[in-house]
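Chain by chain, the residues:
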Amino acid sequence: MEVEGSSKTMIATQAEMVEARVPISYRDQCAHLLIPLNKCRQAEFYLPWKCENERHVYEKCEYELVMERMLKMQKIREEEAKLKQAQKHGSPIPLIPKTANA
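Thresholds applied
Residues numbered from 1 in each chain as written. Predicted model: local features only at pLDDT ≥ 70, side-chain atom pairs only at ≥ 80, totals over all residues. Heavy atoms only, no water. Disulfide = S-S within 2.5 Å. Helix = DSSP H or I, 4+ residues; strand = E, 2+ residues; numbered from the N terminus. Buried < 20%, exposed > 50% of the residue type's maximum accessible area, 1.4 Å probe, protein only. Core = buried A, V, L, I, M, F, W, Y, C linked by side-chain atoms within 4.5 Å. Salt bridge = Lys/Arg side-chain N within 4 Å of Asp/Glu carboxyl O.

Caption draft 1: Inspection of the state of the cysteines at higher detail. A full pass over the atoms with the stated rule returns two disulfides. For Cys30, the disulfide goes to Cys61, at an S-S distance of 1.9 Å. Across the S-S bond of Cys30 and Cys61 the torsion is about -85°, and the bridge reads as left-handed. Here the residue Cys30 occupies a position in the loop between α1 (14-19) and α2 (31-43), and Cys61 occupies one in helix α3 (residues 52-90), the gap between them amounting to 31 residues. The burial state of Cys30 is the same as that of Cys61; both residues are buried. Note on cysteine connectivity: Cys40 is disulfide-linked to Cys51, with sulfurs 1.9 Å apart.

Caption draft 2: Structural view of the nonpolar core. Core analysis: the biggest nonpolar cluster contains 15 residues, and Met17 and Tyr58 have the highest contact counts within it. Breaking this core down by element, the ones donating at least two residues are α2 and α3. If one sorts the elements of this core by residue count, α2 sits on top with six residues.

Caption draft 3: Quick peek at the pattern of salt bridges. Scanning the model with the defined rule gives four salt bridges in all. For Glu64, the salt bridge is made with Lys60, and the minimal N-O distance between the two is 3.7 Å. With Glu64 and Lys60 both in helix α3 and four residues apart, the pair spans about one turn of that helix. Judged by its relative accessible area of 32%, Glu64 is partly exposed. Connected via shared salt-bridge partners are Lys8, Lys60 and Glu64.

Structure representation (structure tokens):
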């Protein structure tokens, strides 16, 4: 499944996420990594020094998603700033209103 506006695709299906009891707020493009991480955590009784590899891979995926969103927002802000500059300097105040010509 392709997610609009993201370079990553959804790998885990809704059925898999429901079966693994992944909370709705965590059902993003990295959920396929969260499922084995949670299974490992339960098997190892949530010991912090266990499942380090799974946790690192999941957190890296989440970090990449956040950075991707930040870059997109930065581009949007830059485009808005360019539009404001163009409106500010590019178009002088018309002497004759457009409604007068109608």
